[in-house]
Amino acid sequence: AAPTRVFAFRDARWAPDPVLEPSAAVRSPQPAPLVIDNGSFQTRAGWACPDPSVPAEPLLRFRSLAARSRGARGGAGAETQVGNDLGSPEPLRWLLRSPFDRNVPVQLELQELLFDHVFQRLGVSSQGCVDHPIVLTEAVCNPLYSRQMMSELLFECYQVPKVSYGVDSLYSFYHNRRQNWPCSGLVISSGYQCTHILPVLEGRLDAKHCKRINLGGCQAAVYLQRLLQLKYPGHFAAITLSRMEEILHEHSYIAQDYTEELQKWRCPEYYENNVHKMQLPFSNKLLGSTVASEEKQEKRQQQLRRLQELNARRREEKLQLDQERLDRLLYVQELLEDGQMDQFHKALVELNMDSAEELQSYINKLSLSVEQTKQKILQSEANIEVDVVDSKPETPDLDPLGSEQSLEDVESINEFEPLFAEEQPEVEKPVAAVQPVFNLAEYHQLFLGTERIRAPEIVFQPSLIGEDQAGIAETMQYVLERYSKEQQAILVQNVFLTGGNTMYPGLKARVQKELLEMRPFQSSFQVHLASSPVLDAWYGARDWALEYLSREEGWISRKDYEEKGGEYLKEHCASNVYVPIRLPKQAPRAAEAPSRASGAGNPSEQA
């Protein structure tokens, strides 16, 4: 028999990040660099300090998201929560905001919130500034405008002494180097929003031949969500993006041959042995059709009693208010009968009435309303016991005065009208005869068959979701063809996979198969997977910071920022290539001055 593969969703909630107390080694003998892996999916931050008392791992890991709550009425104003403080993203899905457009930070006010969260939770205690050097990751071929705004934020807002920018996938490549640096290789980096093919020659990025595919883990999660929502429309709301990400991380894999794998799934035996059943949360309460008829009647009687008690309470409150108003009007009428005209006219003004006739009319109406309410109270007390099976509850008479309270009573009765309908004789059958054989747990299960391979496959076949782009294999071949045969042989000897979207089982074998198809006969190649595809970018940035801390290479000082602008970049082994802004040359003003003077001296020519 096939093993039962039923998995429950963890639906884990994020624990808020504590405020950490930094070690003394972070401050002395000099401030230690602060390493921030600024990813579009997750932000990771920690210290680059050689002291063993400081952990050599990121101390903060949180989603790069922020949400601004609207605040309660009459209470405090809006409150902004960042990262793990959100608890769970699903209740706030439509309020979540990210500073990233694809993998490029463009919303700097949100980026400032993420930096504030990092500096506060890591216990940066310097007054008015952050006096630690910053090592920050950025996108491949990052736009100059994005880097300019980031440098302005760090130098102007936080007063950092110096900063260094690097590419996350190149830091990961630097951390996992298997040869003496500098070395060459072809880096395949697949993250949350994008996938990059990066050729590295002699330890430096060849930016001219970099290629990007606008697909990553985010698009795979959305595609999987649509597939399952179409397959299970009854569980539309329960199929959330967070659960889809959990399925991708724990239950999906890359097929070595996609078409052949689909043929395997057509076999019933293979399907039964490999299908994963995801259990959605559900309630164990009995369905309404299985409740005994006696229990239904008892429930209706209880509902009717509660409704009668509520109406009786409202009638008593209304009777008390009307009686108080009637006593007030009768007191004013007595003033008229006693001849106290001044007090009478003053009381009429307070009541917003014009004459004694209008006063008498209101007294008559209130007297009638009080009498009718008393009669209704007496009638309801006499008819407490109601047979809900043989007769429908009588709708109370409308108040002749059309008072709002009587209408409310009628509406309340009508709301429960379907509950008090007469029982049809043919429906009254033993429960066992109509109770269906139904497993509520199985109804709330999602069967994952080909969906396990279809969602991750989009990075190799973007056409599955209608994207007019090349996949990883075609893009990799396109990049290799830009080089000579000798350089191609060097690059394919070190094909390096990194990024959170490369953690699928079978991805390395799939890339090896694709390379085997595109490379010449009997040529060799090697494919390596990062030791920790998610965290190696931070580890590589930490390695670089410790090695280059005492050097000038790669660090942008405040003086460089003020002299050369925010878009300035000092290149190093894991950085982008700096392409300065080239402004068009303007004509010299000295040559324009004589022509302007001659034109001003001859008004007729100007006319």
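Shown above is the structure to which this text applies.
What comes next concerns the included structure. Computed from a predicted structure; not experimentally measured.

**Things to note about the pattern of salt bridges**
- Here the structure, examined in full by the defined rule, presents 20 salt bridges.
- The shortest N-O distance in the salt bridge between D37 and R44 comes to 2.9 Å.
- Using a relative accessible area of 4% as the deciding quantity, one classes D37 as buried.
- Taking relative accessible area as the criterion, R44 reaches 8% and is therefore assigned buried.
- Ionic pairing is found between D322 and K318, a salt bridge with its closest N-O pair at 3.0 Å. Highlighted residues: D322 and K318, both in helix 8 (residues 293–337), separated by four residues, approximately one helical turn. Both residues of the pair, D322 and K318, belong to the buried class.
- Ionic contacts of the salt-bridge type, sharing partners, join the residues R10, E246 and E250 into one network.

**Details of the pairing of strand 11 (residues 162–167)**
- Across the six residues of strand 11, five count as buried, placing the element largely inside the fold.
- With five bridges joining them, strand 10 (residues 134–138) and strand 11 adopt parallel strand pairing. Counterpart to T137 in the pairing with strand 11 is G166.
- When strand 11 meets strand 20 (residues 556–557), the two strands line up antiparallel, connected through two bridges. Bridging across to strand 20, V163 finds its partner in I556.

**A few points about the sheet that holds strand 16 (residues 276–279)**
- Pairing in this open sheet of three strands is mixed, and the strands run 1-16-17 from one edge to the other. For this open sheet the edge positions go to strand 1 (6–8) and strand 17 (445–448), each flanked by a neighbour on one side alone. Each neighbouring strand pair of the sheet contributes to a mean axis angle of 30°, computed without reference to strand direction.
- Bridge count for strand 1 against strand 16 is three bridges, and the pairing is parallel. Across the sheet, F7 pairs through a bridge with M278, a residue of strand 16.
- Across the sheet, helix 5 (residues 241–251) touches strand 1, strand 16 and strand 17, and the angle it forms with strand 16 is around 145°.

**Things to note about unusual backbone geometry**
- Look at the link from S28 to P29: it is a cis peptide, with omega at 5°.
- In this fold, P29 is placed in the loop between strand 1 and strand 2 (34–38).
- In this model, C141 sits at a positive phi of 55°, which is unusual for a non-glycine residue.
- Structurally, C141 is set in the loop between strand 10 and helix 2 (144–157).

The rules behind these values
Residues numbered from 1 in each chain as written. Predicted model: local features only at pLDDT ≥ 70, side-chain atom pairs only at ≥ 80, totals over all residues. Heavy atoms only, no water. Salt bridge = Lys/Arg side-chain N within 4 Å of Asp/Glu carboxyl O. Buried < 20%, exposed > 50% of the residue type's maximum accessible area, 1.4 Å probe, protein only. Helix = DSSP H or I, 4+ residues; strand = E, 2+ residues; numbered from the N terminus. Pairing = 2+ DSSP bridges. Axes fitted to C-alpha atoms, helices over the stretch in contact; angles between N-to-C directions. Contact = heavy atoms within 4.5 Å.

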